Each structure stands twice: as structure tokens, then as C-alpha cells.
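# Coordinates in review
Chain residues, written in single-letter form:
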Amino acid sequence: MKLKNNSSEIITVFFSIIIFFILFLNLPHGFILGGDWTFPFSNESYETWTNLSTWNSKQNFGSSSVLSLNALYYKFFVEILFFVGVPLKYIQVSIIIIIFILGQLGFVLFFINYLNTRKLIYVILINIVALSYIFSPPNFNFLMMGWILGNISYLLYPFFLFFLFKSLSKQQNLNCFFAALIFSFSIMQVHTIAWYLLMSLIFLFDTRVDNKKLILNYLKICLITIFLNIHWIFPLMLDVNQGEQVLPSLLYKTAATKGMDLFLNFNQIFKLYGSLFNEHYETWFKDSFSYLYNFLAFIPMLILLLLLQKNKIKFYKLVFSYILILAISLIIINLNKEDFFYTFSYLIPFRHLSRFIIIFPFLFSFLIISMIFSQFENQKKYKKILIFSLLIINFLNLEPWISNIKYNENEKN
């Protein structure tokens with residue numbers, strides 16, 4: 001990071017160290033099961049897992065499916081770690097720690113460049129909010145169910161956005177290529193296509209951004225991403241069973257699809273809750289804080305409302321309206337989800353509406369940081385103290401990451 005003084009760099013590294021120790025001390029040491037992809041547990045299974053198979057449509061186990069080829073970049077990353085001597089049982093934990101720290105660094109890089117600030121107070125603020133972003137409830141739930149590809153997609157988005165915005169000012173092709181590399185790594189989780197688009201759309205309302213160039217560069221990134229993924233897209237197009245692989249018939253009628261969104265409502269969305277039916281984070285957080293858990297869960301929204309009172313920038317009002325529209329849209333679709341996905345069958349890969357809650361932590365974080373930045377100089381002292389106090393109190397929402405992330409490991413002992 002090209003910060004003007006070492007203090008800002010030291011602060012960012014300090015927060016990276018905090019992230020490292022939270023994860024290193026609390027993640028289970030061993031294999032993390034779950035998710036849609038397998039992972040090798042021995043040298044023999046590793047050899048099978050790293051083999052690539054293209055011209056078939058067998059079930060997705062190891063690498064025998066055309067669709068499993070979209071994990072090529074992930075497998076390459078695993079091979080690098082294995083090659084440098086990381087034992088198989090520690091590779092997943094290593095990837096999680098690396099990706100979480102990259103999530104924080106990408107978050108900081110994007111905002112110091114977007115806001116064009118190097119002031120120490122703002123770098124501290126950005127890092128504080130970055131902790132809340134990477135340790136959000138949806139990210140916890142995805143990790144607990146072993147949905148590591150979802151974590152990777154979510155945490156790499158700030159870096160994607162950083163390179164997208166860099167492409168608007170200089171080295172357009174190079175930065176678009178870097179953004180496409182991140183996109184290629186992230187679309188192992190198919191929801192990335194919708195998540196990244198919905199989070200990026202807010203910048204079309206930003207008068208400081210060249211909308212035409214933003215759209216063109218986003219499309220260029222998509223085209224480069226297609227090229228970087230031609231190794232599985234082309235075979236899939238020629239596969240006679242492609243429809244059932246990508247859009248399985250009647251998938252929208254499965255029990256998992258119907259049950260996943262039972263808890264989807266405005267209360268859950270604005271607490272950033274309900275991203276999974278079994279609600280790991282929500283259950284343990286309520287157990288820890290009892291009567292206070294509702295207040296603590298609504299702190300990000302409370303900060304937003306306090307800042308909106310004095311906000312005079314139209315763009316931020318539009319972003320908040322966009323958040324409300326997204327929430328309302330999810331609720332409306334969920335009211336008659338079966339008919340919706342029957343009519344729009346090509347959207348079946350995105351059938352679990354609750355998974356879209358993962359886009360709200362970034363939108364909340366963006367508004368909080370941007371409005372504090374725009375109001376800070378003219379804000380009354382008591383208001384500054386109140387908002388920063390709420391940001392510090394919000395650290396209590398990290399409690400499940402420290403106390404309960406080893407739950408599965410303890411259950412086995």
C-alpha cells in the first residue's frame with residue numbers, strides 16, 4: 001500500500017495480525033468438511049483430486065465432472081501450498097487465514113483509494129469496519145458449513161472492486177485482467193455472478209464515476225473471465241447433459257430450496273442474519289448475550305440511521321434506497337418462490353434467496369465509511385464519540401468467531 005506514512009501501514013498490519021490470531025487460535029486444526037466440493041485427505045486421494053477430467057458429465061466427486069473444472073484455479077492454489085510443504089490437513093486452514101487477511105487488505109486498499117485519503121484516523125476507521133465486514137454473520141455461517149468457496153468469493157470482492165476502479169484511471173487492460181483473475185477464482189461459487197453485480201451497481205449512482213467507462217470495463221472483465229474459464233465452459237457447451245448439470249429440472253422444488261428461506265424477513269436482513277437455515281451464528285450469539293443480542297445485532301443499522309440524519313449527499317441516500325429495494329425484492333420473491341423459479345428457470349442456480357444476505361455487509365460498510373468520511377469535519381463532538389463508541393461496541397458481534405468456531409471439533413471429541 002502506498003500510504004504517506006508508516007503509521008498507516010503499521011495500523012493495517014496490526015489489524016491483519018489480529019485477524020491472523022483470531023483464526024489461528026480458534027479454527028479447528030484438521031479437515032473442514034461440507035460445501036459442494038470434496039477435499040483430499042491422503043496422498044492417494046490428493047493424486048485423484050488433482051487429476052482433471054473434461055469430456056464427461058459424471059457426478060461431481062473429486063474431478064470427474066465437467067463442472068468441477070471451474071475449480072482449476074483453486075486446485076492450482078492448493079497444489080502450490082502442498083508443493084511448498086504444507087500438510088494436507090492444514091491446507092484448508094491456511095487458505096482460510098490467507099483469504100481472510102486478503103479480504104481485510106483489499107477492503108482497506110479499495111477505500112483509501114476510493115476516498116482518496118491517507119489520514120491515520122480514516123485508515124483506523126476503515127480497518128475497524130473491515131473487521132466487521134470479514135467477520136460478518138453470513139461469512140461465519142458459510143465457514144461453519146464448510147462452504148469455503150462462498151467465503152472466498154465474499155472476501156475477494158474488495159480486491160475485485162479495487163482493480164475495477166483502478167482500471168478507470170490507469171493501466172486499464174492490466175487492471176481489468178487482475179479483476180478478471182479474481183472473478184475467475186471467485187466464480188467457483190456460482191452466486192458470485194449475481195453478488196458482484198448487485199454490489200457493484202451502486203456505483204452507477206456515483207456522479208464522481210464515469211458510468212460509461214465503468215460499464216465497459218465491467219463487461220471487459222466479464223469477457224476476460226469467460227476466456228480464462230474456457231477450459232470448462234467450452235466442454236460444458238458440448239456436453240449432452242449440460243442442462244441437468246447447470247439447471248437441474250425441478251431443483252426449485254427440493255426440500256432444501258423450500259426450507260432455506262423460511263427465516264427470510266426484514267428483521268433478519270437488517271441484522272445480517274438468516275443466511276442459512278440452521279443459523280449457526282445467530283444461535284450462539286443469542287446464547288452469549290441473551291437480552292442484549294437484538295440491540296447488538298442492529299448496531300450497524302443504527303449507525304447508518306444516525307449518519308443518514310445529517311447526510312446531504314444524494315448518492316448515499318440512493319444507496320440506502322437501493323438497500324431497501326433489494327430487501328423488499330427478496331421478500332416479495334420469497335412469498336411465491338416456487339412460481340417465480342418455474343417462470344424464470346434460468347435463475348435456478350440462485351434459488352436460495354437467503355444467500356443474498358451476504359451482499360448487505362459490504363453495502364452497509366460502504367455507507368458507514370463514506371458517510372463518516374463526508375461528515376467527520378463538521379460533525380459535533382458528541383456525535384463522533386457516539387458513532388465511534390458504537391463501532392467499538394460492534395466488536396462484540398465477533399464473539400461467536402472466538403467462542404464457537406470450534407464447535408464441530410468439540411462435538412467429535
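Scroll up for the structure.
Residues numbered from 1 in each chain as written. Predicted model: local features only at pLDDT ≥ 70, side-chain atom pairs only at ≥ 80, totals over all residues. Heavy atoms only, no water.

## Observations concerning the overall build of the protein
Helix and strand counts for the protein stand at 23 helices and zero strands. Residues counted as buried form 54% of the 413 residues belonging to the protein. For the protein, restricting intrachain contacts to residue pairs at least 6 apart in sequence, the fraction spanning at least 24 positions comes to 77%. Carbon together with sulfur atoms contributes 66% to the accessible area of the protein, which is approximately 19,100 Å² in total. (Helix = DSSP H or I, 4+ residues; strand = E, 2+ residues; numbered from the N terminus. Buried < 20%, exposed > 50% of the residue type's maximum accessible area, 1.4 Å probe, protein only. Contact = heavy atoms within 4.5 Å. Areas by Shrake-Rupley, 256 points an atom, 1.4 Å probe, with all protein chains shown as cover.)

## Looking at a nonpolar patch on the surface
Together, Val13, Ile17, Phe20, Phe21, Phe24 and Leu25 make up a nonpolar patch on the protein surface, roughly 530 Å² of accessible area in all. For Phe20, the location among the structural elements is in helix H1 (residues 6–26). (Patch = residues over 30% accessible without salt bridge, like charges linked within 9 Å, V, L, I, M, F, W, Y side chains within 5 Å. Salt bridge = Lys/Arg side-chain N within 4 Å of Asp/Glu carboxyl O.)

## Concerning the packing of aromatic side chains
Counting across every chain of the model gives 53 aromatic pairs. Taking the centre distance of 6.3 Å and the plane angle of 65 degrees together, the rings of Phe205 and Tyr322 count as edge-to-face. Of this pair, Phe205 sits in the loop between helix H9 (192–200) and helix H10 (211–228) while Tyr322 sits in helix H18 (residues 314–335), and the two are 117 residues apart along the sequence. Judged by relative accessible area, which is 36%, Phe205 ranks as partly exposed. Seen from the ring of Trp147, Arg355 lies directly overhead, with NZ or CZ sitting 4.3 Å from the centre. When the ring centre of Phe376 is taken as origin, the NZ or CZ atom of Lys384, which lies over that ring, is 4.3 Å away. (Phe/Tyr/Trp six-rings, centres within 6.5 Å; stacked < 30°, edge-to-face > 60°. Lys NZ or Arg CZ within 6 Å of the ring centre and 35° of its normal.)

## Quick notes on empty space enclosed by the protein
Applying the stated rule across the entire model yields three cavities of 30 Å³ or more. Counted as a void, the largest cavity has a volume near 240 Å³. The wall of the largest cavity is formed by 21 residues, among which Ser132, Pro137, Leu272, Pro300 and Asn394 lie closest to the centre. Listing elements by their share of the lining of the largest cavity, those giving two or more residues are helix H5 (120–134), helix H17 (299–310) and helix H20 (360–375). The dominant element in the lining of the largest cavity, judged by the number of residues it contributes, is H20, at four residues. (1 Å grid on protein atoms, 1.4 Å probe; cavity = no way out; pocket = protein on both sides within 12 Å on 5 of 7 lines; lining within 4 Å. Points joined across faces, edges and corners; volume = space filled by probe spheres on them.)

## Section: unusual backbone geometry
Even without glycine at this site, Gln171 takes up a positive phi of about 45 degrees. Its location among the elements puts Gln171 in the loop between helix H7 (148–169) and helix H8 (172–186). Backbone geometry at Ser290 places phi at a positive 45 degrees, although glycine is not the residue there. Its location among the elements puts Ser290 in the loop between helix H15 (280–289) and helix H16 (293–297).

## Some thoughts on the side chain of Ser186
Mapped onto the elements of the fold, Ser186 is located in helix H8. Aside from chain neighbours lying at most four places away, what touches Ser186 is Ile152, Ser153, Leu156, Thr192 and Tyr196.

## Quick look at the side chain of Ser365
Topologically, Ser365 is positioned in helix H20. Accessibility expressed as a relative area gives 6% for Ser365, which makes it buried. From its side chain, Ser365 meets the backbone oxygen of Pro361 in a polar contact 2.7 Å long. In contact with Ser365, other than residues within four places in its own chain, are Phe107, Phe111, Val129 and Tyr133. (Polar contact = N/O pair within 3.5 Å; in protein donor to acceptor, adjacent residues only side chain to side chain.)

## What about H5?
For H5, which comprises 15 residues, the first-to-last C-alpha distance of 21 Å matches the rise-based estimate of 21 Å (1.5 Å per residue) to within 8%. Here H5 lies mainly inside the structure; eleven of its 15 residues are buried. Turning to H5, its buried residues number three or more, namely Tyr122, Val123, Leu125, Ile126, Asn127, Ile128, Val129, Ala130, Leu131, Tyr133 and Ile134. (Expected span 1.5 Å × (residues − 1).)

## Description of the environment of Leu109
Mapped onto the secondary structure, Leu109 falls in helix H4 (residues 88–114). For Leu109, a relative accessible area of 15% puts it in the buried group. With 14 residues separating them in the primary sequence, Leu109 and Val123 have C-alpha atoms 9.7 Å apart.

## Re the environment of Gln268
In this structure, Gln268 sits in helix H14 (residues 266–270). Judged by relative accessible area, Gln268 falls into the buried class, the value being 9%. Considered as a pair, Gln268 and Ile357 are 89 residues apart in the sequence and their alpha carbons are 8.9 Å apart. Leave out the neighbours within four places in its chain, and Gln268 touches Phe263, Tyr273, Gly274 and Glu279.

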